[in-house]
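A closer look at the structure
In case you want the letters, here they are:
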Amino acid sequence: MREPHTLGNRKRGSDVIAFTVLIFGLAALALTILGAWLALLGGSPAYLILALAFWLTTYLLAKRRASALTVFALTIIGWLIFAVSQVGFFWWGLVPYGGIVVLLGIWLWLPFVRNRLWTYGLAQSDTPNRTPGLPIALSVLVAVVVAVYSMFQDPHDVAGNLPTQIVNEAPSTGNSIPDGEWHQYGRTNFGQRWSPLAEITPANIKDLTEAWRYQTGDVKLPNDVGETTYQVTPLKVGNKLYICTPHNLAIALDAKTGEEIWRYNAQSGMNPDRQHQTCRGVTYWDTRSQQPEPPAQTADTACITRVYMPTADARLIALDAETGEVCTSFADNGTLHLERGMPYNPAGYYYSTSPPSAVDGKLIIGGAVNDNFSIFSPSGVIRAFDINTGELLWNWDSGNPEETAPINIDQGETYTANSPNSWSVFSVDEERGLIYIPLGNQVPDQLGMGRSDAVEEHSSSIVALDINDGQKRWVFQTVHHDLWDMDVPAQPVLVDLTIDGASVPALVGPTKQGDIYVLNRETGEPILPVTEQPAPGGTIPEDFSAPTQPVSALSFNPEPLRESDMWGMSIFDQLMCRIEFNRLNYEGRYTPPSLNGSLIYPGNFGVFNWGSIAVDPERQVMFGMPTYLAFTSRLVPRADIPPKDAGATASEQGLNRNDGAPYGVVMGPFLSKLGIPCQAPPWGYVAGADVTTGDIAWKHKNGTVRDMTPLPLPFELGVPGIGGPMITKGGVAFLGAAVDDYLRGYDLTTGEVLWKARLPAGGQSTPMTYEQDGRQYVLIVAGGHGSVGTKPGDYVIAYTLPQ
C-alpha cells in the first residue's frame, strides 16, 4: 500500500532529497578542488574522474531521477577497481577508498531515500515510488565481499622458519658471567641480548605469570622535556637488580621479591634545553676481577663492587653496589665531571644517556650532544678513565682522531668543538683489545657544508678503537656525507659466525636506514656483501650529496614510497596526503633536505634505533623490530627563523634552530591533517633473519592500535615502536617497545606471538631475563616514552612460570 499523499510526507521527501543533494554536492566540490590540485602536481587524475561521477550523481539527485542510483552503482564498482589496483586486497589500505563512498551507496539504497526518486518516463509526483534498488545494492555487496575477503589477506606478511640447527655448541658470548645473570646492558659486553637460560620455552611460555612489581616513584613531571622516558635495561648480579631512572635515581632491588634494597638520588635537576631525560642503564664493576689488582683503597674500602651511573647534567657517579653509598675515592669525591675539556658548555647541551663500558680497569664513555641546537656545541670525544680513580687515560676525538694522549685540561686545552658524538652503547672484545663505537653526526645533521676531512670520514660510522690507548684500528662508514640524521644508533652485536665451515669474528651493526652490516670485527671488512648504489642528488647550492651509498646484503630497507601508498581514515585526508606527497621532494632513500621540503624515508626515527637487535650465537640468527615511518625535512633560511619562544623545551621535532648555521630545519613525522601517518600501515614489524647468509626468514606486523585511539580497539595494524628485543636458549624472544602497552613473547623460529601481558605503562625499554633460586624470570621496565606518546609510569615488572 502506498504511503498516504499528505503535505507532511511531501515535505519530508523533499527534505531527504535536499539533504542528499547537499552531501553529494559538497563531496563533489571537495573532490574537484583537491583532485584538480593533485592532477596539477602530476598526481593521479582518478580523483577528478570520481568528482565528475559525483557531480553527475548530484545533478540526477537534484532532478530526483532514479538513474542516479545506477550512475553511483557504476561509480562504486569503478572506484573499487581503482582501489584494488592501487593497494591490492589489503583491508586497511582499502579503508580510505571505500569508507565514505560505500556509506553513501548504502544511504542511496535506503528505501526512504530511493523511493523519493522517479523512474525516467513516469509522471513526477511527491508520492513515494518503489524505485528498484538492485543496482546500488549489488555494487555495495561487491564492495563488502571484497572488504571481507581482504580482511583475511595479509599481503605484507612474510612467513617462514629460521634454521633450528645449533651451529656453534660452545659459542663465545663475551666476558664470562653466570648463566643466570645479566651484567651489562646487552647482558655481556658482546651485546647479544641472548641468555643461555632455557626454562621458558615455546611449549610453556603461555603459563608465564606476574611474580612481582615495583614502582620507583620517579614519574614524568609537568615541566619535563618532551622526551622524558624509561629506556633502562636492569642488570642482575648475585641476588640484586640494578636500575636507573630518567631523573637519575639509582636503585637496587631484591631479584626474587622486587623489594628495594637501596636508592641514591643524583639530584641532577631539570633543564628545558635537554633533548632527552633518560637513563638506559648503569655499569657494574667488581674491583677484584681487575688484573693486575687495583691499588689499595683508603677512603672507601667498602667499594669493592661498584655501580656507575651517568646523569643528565653530565656527571658520572660511582656508588657502592652493596649499599648505594658514594665511592669517594673515585674522581672528585665520587663524581666525574664529563663537561671538563669541552670548548663550549651551555647547560643542557651535553650529557650521557647510556652506561659506559667497563673493561681492563677502564671506564670508556661517550656522550649525547643536542641535535641541531647550535654549531657551537660540545665535542663528541670518547674518553677512557681509570675505573678506580677517575684519572683520564686517553681520549679519542673524531674531529682530531690521531691524537689520543690525554689533553691538559688544567692548562686550558679543549677537545674539537662539534665533532661527531656517540650517545649509544659500546661493545667490547676484550680478547682482541677492541671497543666498538657507533658514531653520529655533527650539528647540523642536515647541512654538510664546512665539514672537515676527519668529520667526513667518521660521521655515521662504526669505529674500532684500541682499548689500551684509544688509537683507531678501523672505521666503517654506514652513510656517506650524512644529511638525514642517520647516526648509528644501536650497540653493535659481537658474535662468532660459522662461514664455510670456519669461525669468523663478526660484528652485526643495525642502522636507522635499515641496513644491517655484518663485518669482520678484526678488520672492519664486510662478511656479507656491501655494494655502493647510486643515491639521489639535488641539494641546496652550498652543499653536495654523496653519489653512492653503501647497501648491505642483509637489509630491511623498505621499498620506495609511491603516491598509492598514501593513506588516511577517509578519502579526503588520503587525498590531502597524496597532494603533500607530490609537493615534497622525493626520489627515494637519501633524498636531500631542501627549501621546498623533502620526504625522508626511512625517517630518522629509524628502521632500527637504540634497542638494537638480539642475536642467538648458537643458531646464528637474529630477532629484530624494523619500524617504518616517513619524516619530512624542510630547510629554513636564517632570516626566516623567529625568536625562540620563552619557556620552550627542547625537542627533535618541529623547528630546529641550528644557531650559527645559515639554515634551520623543520622536521617531523609525515602526518595527515588528522595526525595519523600519511603512509599506509603496517608501520611496525618483528623479523627474523640468518646473519650468516642475510636471508630474511619471516617478517610479521607487530602491535595493535589499542592505545593509539580513544577507544581500546584491538586492531592489529603493525604499529611503530622503540626499544629492543631479548632472546633465550629456550627458543623464545621477548619484546615490549610497540606503542600499545604489551610485553609479548614470540617463537624465535616462526615469529608467532605465543604470549602477551598487558603493561600499566609504555614498555619502551629492552627486557632482560635472569635466574634466581632455580627459577627463570623475565623482567621489563614500563615507564612510557615521551616522543611516541605512550602512557608514562614507573614500573618494574617480573614474570615467571608457576612453581
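The coordinates are above.
Below is a short write-up of the structure. (Residues numbered from 1 in each chain as written. Predicted model: local features only at pLDDT ≥ 70, side-chain atom pairs only at ≥ 80, totals over all residues. Heavy atoms only, no water.)

**Quick notes on unusual backbone geometry**
A cis amide bond links valine 443 to the next residue, proline 444, at an omega of 0 degrees. Relative to the helices and strands, proline 444 resides in the loop between strand E18 (434–438) and helix H7 (453–458). With an omega dihedral of 0 degrees, the bond running from tyrosine 601 to proline 602 counts as a cis peptide bond. Phi at histidine 481 is positive, roughly 45 degrees, even though this residue is not glycine. If you trace the backbone, histidine 481 turns up in the loop between strand E20 (472–477) and strand E21 (493–499). Of note in this structure, serine 612 is not a glycine but carries a positive phi near 60 degrees. On the secondary structure map, serine 612 appears in the loop between strand E26 (598–600) and strand E27 (614–616). (Helix = DSSP H or I, 4+ residues; strand = E, 2+ residues; numbered from the N terminus.)

**Quick notes on the sheet that holds E21**
With respect to topology, three strands assemble into an open sheet ordered E21-E22-E23, the strand pairing being antiparallel. Here the strands that pair on one side only, and so sit at the sheet edges, are E21 and strand E23 (516–520). Each adjacent strand pair in this sheet contributes to an overall mean axis angle of 40 degrees, direction not counted. With seven bridges joining them, E21 and strand E22 (residues 502–510) adopt antiparallel strand pairing. Each bridged residue has a counterpart across the sheet, and for valine 493 the counterpart in E22 is valine 508. (Pairing = 2+ DSSP bridges. Axes fitted to C-alpha atoms, helices over the stretch in contact; angles between N-to-C directions.)

**A closer look at helix H6 (residues 134–151)**
Along its 18 residues, H6 runs 25 Å from first to last C-alpha, staying within 8% of the 26 Å computed at 1.5 Å per residue. The set of residues buried in H6 consists of Ile136, Ser139, Val140, Ala143, Val146 and Ser150. Down the axis of H6, the smallest arc covering the buried residues is 120 degrees, so these residues share one side. (Expected span 1.5 Å × (residues − 1). Buried < 20%, exposed > 50% of the residue type's maximum accessible area, 1.4 Å probe, protein only. Arc of directions from axis to C-beta.)

**Structural notes on the pairing of strand E35 (residues 732–735)**
Neither face of E35 is left uncovered, since the one carrying Val732 and Phe734 and the one carrying Ala733 and Leu735 both have all their residues buried. Sheet topology note: the strand E34 (residues 725–728)/E35 ladder contains three bridges and is antiparallel. Paired with proline 725 across the strands is leucine 735, a residue of E35. Counting the residues between successive antiparallel strands, the hairpin from E34 to E35 contains three residues, one of them, glycine 731, with a positive phi of roughly 90 degrees. Between the antiparallel neighbours E35 and strand E36 (residues 742–747) lie six residues, among them alanine 737 with a positive phi of about 70 degrees.

**So, the packing of helix H4 (residues 91–109) against helix H8 (residues 571–583)**
The geometry of a pair of packed helices is captured by two quantities: the angle between their axes and the separation between those axes. Between H4 and H8, the least distance of the axes is 8 Å, while the angle of their chain directions is 140 degrees. Taken as axis vectors, H4 and H8 run oblique relative to one another. Contacts from Pro96, Tyr97, Ile100 and Val101 in H4 reach Ile571, Phe572, Gln574 and Arg578 in H8. (Parallel < 35°, antiparallel > 145°, perpendicular 65-115°, else oblique. Contact = heavy atoms within 4.5 Å.)

**Notes on the packing of aromatic side chains**
On inspection of all chains with the given rule, the structure shows 30 aromatic pairs. Ring centres 5.1 Å apart and planes at 65 degrees place the aromatic pair tryptophan 484 and tyrosine 590 in the edge-to-face group. Of this pair, tryptophan 484 sits in the loop between E20 and E21 while tyrosine 590 sits in the loop between H8 and E26, and the two are 106 residues apart along the sequence. Assessed through its relative accessible area of 7%, tyrosine 590 is described here as buried. Each member of the aromatic cluster is reached from another via a ring pair, and the members are Tyr47, Trp79, Phe82 and Tyr97. Over the face of the ring belonging to tyrosine 742 we find arginine 758, whose NZ or CZ atom lies 5.0 Å from the ring centre. (Phe/Tyr/Trp six-rings, centres within 6.5 Å; stacked < 30°, edge-to-face > 60°. Lys NZ or Arg CZ within 6 Å of the ring centre and 35° of its normal.)

**Here's the deal with the sheet that holds strand E2 (residues 209–215)**
Across the sheet, four strands lie side by side as E2-E40-E39-E38; this open sheet has antiparallel pairing. Both outer strands of the open sheet, E2 and strand E38 (768–772), are each paired with one neighbouring strand and no more. Taken pair by pair, the neighbouring strands of this sheet meet at an average axis angle of 25 degrees, ignoring direction. As paired strands, E38 and strand E39 (residues 775–782) are joined by five bridges and run antiparallel to one another. Considered in E39, the bridge of glutamine 772 is made with arginine 775.

**Here we look at the packing of H4 against H6**
At a minimum axis separation of 10 Å, H4 and H6 run at an interaxial angle of 155 degrees. When the interaxial angle is binned, H4 and H6 end up roughly antiparallel. Pair H4 / H6 crosses with left-handed handedness. Taken together, the residues of H6 that come into contact with H4 (itself represented by Trp91, Leu94, Val102, Gly105, Ile106 and Trp109) are Ile136, Ala137, Val140, Ala143, Val146, Ala147, Ser150 and Met151. (Left-handed = near helix turned anticlockwise from the far one by under 90°.)

**Description of the state of the cysteines**
Summed over the entire model, instances satisfying the criterion amount to three disulfides. Residue pairing for cysteine 303: its cysteine sulfur links by disulfide to cysteine 327, the two sulfurs lying 2.1 Å apart. Taking the sign of the S-S torsion, about -100 degrees here, the bridge from cysteine 303 to cysteine 327 comes out left-handed. In this pair, cysteine 303 is assigned in the loop between strand E7 (283–286) and strand E8 (305–310) and cysteine 327 in the loop between strand E9 (315–320) and strand E10 (335–337), connecting sequence segments 24 residues apart. Disulfide connectivity for the chain, with bonded cysteines indexed by sequence position, reads 1-2, 3-4, 5-6. (Disulfide = S-S within 2.5 Å.)

**Some details on the environment of lysine 472**
As for its position among the elements, lysine 472 is in strand E20. In sequence terms lysine 472 and serine 398 are 74 residues apart; their C-alpha atoms lie 9.8 Å from each other. The residues contacting lysine 472, other than those within four sequence positions of it, are Trp396, Glu457, His458, Val463, Ala464 and Leu465. At 3.1 Å, the side chain of lysine 472 forms a polar contact with the side chain of glutamate 457. Looking at lysine 472, its side chain comes within polar contact range of the side chain of histidine 458, at 2.9 Å. (Polar contact = N/O pair within 3.5 Å; in protein donor to acceptor, adjacent residues only side chain to side chain.)

**Structural notes on the pattern of salt bridges**
When charged atoms on two side chains of opposite charge get close, those side chains can pair. Per the stated rule, a full pass over the model turns up 26 salt bridges. Between aspartate 286 and arginine 288 there is a salt bridge whose closest N-O contact spans 3.0 Å. Residue aspartate 286 is classed as buried on the basis of its relative accessible area of 18%. On the basis of relative accessible area, arginine 288 is assigned to the exposed category, the value being 52%. For aspartate 410, the salt bridge identified is with arginine 340, shortest N-O distance 2.8 Å. Of this pair, aspartate 410 sits in the loop between strand E16 (392–396) and strand E17 (427–429) while arginine 340 sits in the loop between E10 and strand E11 (350–351), placing them 70 residues apart in sequence. Bridged by salt links that share partners, the residues Asp429, Arg432, Asp496, Arg521 and Glu522 form one connected network. (Salt bridge = Lys/Arg side-chain N within 4 Å of Asp/Glu carboxyl O.)

**Details of helix H2 (residues 46–62)**
Under the 1.5 Å per step criterion, the end-to-end length of H2 is 24 Å for 17 residues, consistent within 8% with the ideal 24 Å. Among all positions in H2, only Ala46, Tyr47, Leu50, Ala51, Ala53, Phe54, Thr57, Thr58, Leu60 and Leu61 are buried. Looking one or two residues past H2, arginine 64 carries a phi angle of roughly 60 degrees, positive in sign.

**Topic: the nonpolar core**
Within the largest apolar cluster, 53 residues are counted, with the highest numbers of intra-cluster contacts made by Trp212, Tyr242, Phe734, Tyr770, Leu779 and Tyr799. Here this core takes six residues from E39, the largest share from any one element. Within the second largest apolar cluster, 43 residues are counted, among which are Leu50, Leu69, Val71 and Val84. (Core = buried A, V, L, I, M, F, W, Y, C linked by side-chain atoms within 4.5 Å.)

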